[in-house]
Amino acid sequence: MASAVQAFAPYRVILASRLRAQAAYRGSFVADLFGSLCVAATEFAELWALFHNIDSLGGLDWHAMLMVFGIGEFAFSVADLLVGHLDTIPTYIRAGTLEAFYLRPLSLLGQLITSEIGLRRLTRMGVAVAAATYGFAANDIDWGPDVVAMLLLTLVMGVALFSGVFVWAAGAQFFLVNGSEFTNAITYGGSYASKQPSSIFPNPLRVFFTFVVPVAFVAYLPTLWILGLPGPEFLPSWLAWFSPVAVAVVWSVAWLLWRVGTRHYQGGGG
Amino acid sequence: MPRAASAYRKLFQAGFRSQSTYKLAMLAGLSTNTIFGFIRYSILTAAQATATGAFAGYTQGSISAYVWISQGLLGSVPMHANGAEISDRIRSGDVAIDIARPLDLQGATVVTDLGKSAYAFLPRGLPSVLIGALVVGLAMPTSPLGYALGLVSVALGIGTACALRFAVCLLGFWLIETRGFRNLYMVLATFLAGLYLPVPLFPDWLQTIANATPFPTMLQTPIDVISGRTADGAAVSAIAVQACWLLFCVALGRFMLVRGRRRLEVQGG
């Protein structure tokens, strides 16, 4: 136990310095917080304005959609706060500054993850929590131990899933270089898809977002299960209990890609 | 004057080439664009099918045309102020050198951006529209005049976006850190331009607000004109509104440049 604490000590020091760095420029930090609040508020406004024209989307009414939106947004914003800055890897690779990380006696992934903590995403998390809380309160939910268990499982697994997707995308960067934007399709595209009812997707897209980038497990399936709604074709709501399997698959792929990518990297020279 | 014109032509070409060099980056952009296109297509067609009202007159065909044309225009209409060289140059003070050049800073920056936008049509614009046409079939104008008006409208939309982008970047003369503001600009601009939801589907009061800004003329208007939703006389007056916003945005950039230049202090010797 003591050795584990010791192993994490350098990371703790790095993280603490990052936290202090963000607080140092208060004006710009407040502007960032506000910017991130506006991103979430606009996403919410899109959904709200859409529901101005409809009563339900893909079989979910407004209150059920709030749950999907809130849970999906929460999972993504927490993952983004923890590991989202991994998407700066292409900058390090292009500038040839990644070597410095290799030289230090710490894990490369560990260093990159602790190289920043995006506190500005806290406001986005706030919007997510508010939407989800309202959604849970407005729906007629039969609260029992099973629902609480499902909720906890969903929140933890959603964050783990998106974190895995970020690592997955980071590992791919070692091969893509100028094509770094390719991975936005699965990170930001995945986040966008996780906040929609999968029932609206045509079959190929539904299969893609359930079995390839399994974001249907983040918010849609748990919401169906909690509300006791039937799922669409290929997606019975009891699948929600299998989110740990989806996370395990995502992390296996992430681990593999990261390993192959870091071995493949040759450095920029100099 | 002819020499200035040739300099602008070269800057336009340089902007074009700066994008065409990175082919993989364009392919990457296209793939992300396509995934988002399919998600938006799913949302809006599902919504159209279960709409409680008239859904602003959109049909399954015209709403999917809306999605794919907007995804196609997205690469060419810069509704953000990220990655602009001018921002970095204002921050570092290098902009003093640009101002000393015999070319107008506003003209040079906007023309280079226009070159980038022109290139983005080939790898981003056309494939997106093609995907839309193959997947669902798109509603398009029926007359040559419709296409001509559509092209003018798209050009004005791109011009307005580039001109306003320049003005937003100039905020760097007054603010040290503009990241928060630029994020805010991007989300507001894309939302009010009708990227996620067509402006006619907004609640009335929000439509009024959107139409009081230049943003719908960057995306909503060009899509309406090129898809034939707005045609003939209505299209001509929509284009006139676009021209007014373009002039406004150019004038705003010019005003800010004159004022910002007075604020600029550069150290050195």
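This section reports on the structure supplied with the text. (Residues numbered from 1 in each chain as written. Chains lettered and ligands numbered in written order. Predicted model: local features only at pLDDT ≥ 70, side-chain atom pairs only at ≥ 80, totals over all residues. Heavy atoms only, no water.)

## Quick look at the packing of helix H2 (residues 23–49) of chain B against helix H3 (residues 60–74) of chain B
Residues and elements named next belong to chain B. For the pair H2 and H3, interaxial distance at closest approach is 9 Å and the crossing angle is 155°. When the axis of H2 is compared with that of H3, the two are roughly antiparallel. You can see that H2 and H3 cross each other, and the crossing is right-handed. Between H2, through Asn33, Thr34, Phe36, Gly37, Phe38, Arg40, Tyr41, Leu44, Thr45, Gln48 and Ala49, and H3, the contact on the second element is made entirely by Gln60, Ile63, Ser64, Tyr66, Val67, Trp68, Ser70, Gln71 and Leu74. (Axes fitted to C-alpha atoms, helices over the stretch in contact; angles between N-to-C directions. Helix = DSSP H or I, 4+ residues; strand = E, 2+ residues; numbered from the N terminus. Parallel < 35°, antiparallel > 145°, perpendicular 65-115°, else oblique. Left-handed = near helix turned anticlockwise from the far one by under 90°. Contact = heavy atoms within 4.5 Å.)

## A look at the interface of chain B and chain A
It is common to give the size of an interface as the accessible area lost on bringing the parts into contact. The partner chain A presents 38 residues to the 36 residues of chain B that form the contact. At the boundary of chain B with chain A, total buried surface from both sides reaches about 3200 Å², with 74% on carbon and sulfur atoms. Where chain B packs against chain A, one counts zero salt bridges. Summed over the shared surface of chain B and chain A, the number is four residue pairs in polar contact (both at pLDDT 80 or more). For the side of chain B that touches chain A, the secondary structure elements donating two or more residues are H2 and helix H8 (179–193) of chain B. Residue contributions to the side of chain B that touches chain A peak at 17 residues, all from H2(B). (Buried area = accessible area lost by both parts, 1.4 Å probe. Salt bridge = Lys/Arg side-chain N within 4 Å of Asp/Glu carboxyl O. Polar contact = N/O pair within 3.5 Å; in protein donor to acceptor, adjacent residues only side chain to side chain.)

## Focus: the state of the cysteines
Here a disulfide denotes one covalent bond, and it connects the sulfur atoms of two cysteines. Residue and element names in this part refer to chain B. In total, this model carries zero disulfides over all chains according to the counting rule given. Cys162 takes part in no disulfide bond, and the closest cysteine sulfur, belonging to Cys169, lies 11 Å away. Judged by its relative accessible area of 0%, Cys162 falls in the buried class. (Disulfide = S-S within 2.5 Å. Buried < 20%, exposed > 50% of the residue type's maximum accessible area, 1.4 Å probe, protein only.)

## Concerning the packing of aromatic side chains
Throughout the structure, instances matching the rule amount to 23 aromatic pairs over all chains. For the pair Phe76(A) and Phe166(A), a centre-to-centre distance of 5.6 Å together with 35° between the ring planes defines the contact as tilted. Here Phe166(A) lies in helix H8 (residues 145–176) and Phe76(A) lies in helix H3 (residues 62–83), a separation of 90 residues in the sequence. Taking relative accessible area as the criterion, Phe166(A) reaches 4% and is therefore assigned buried. The ring of Phe101(A) is capped by Arg104(A), whose NZ or CZ atom sits 5.1 Å from the centre of that ring. The ring of Tyr58(B) has Arg229(B) lying over it, and the distance from NZ or CZ to the ring centre is 4.0 Å. (Phe/Tyr/Trp six-rings, centres within 6.5 Å; stacked < 30°, edge-to-face > 60°. Lys NZ or Arg CZ within 6 Å of the ring centre and 35° of its normal.)

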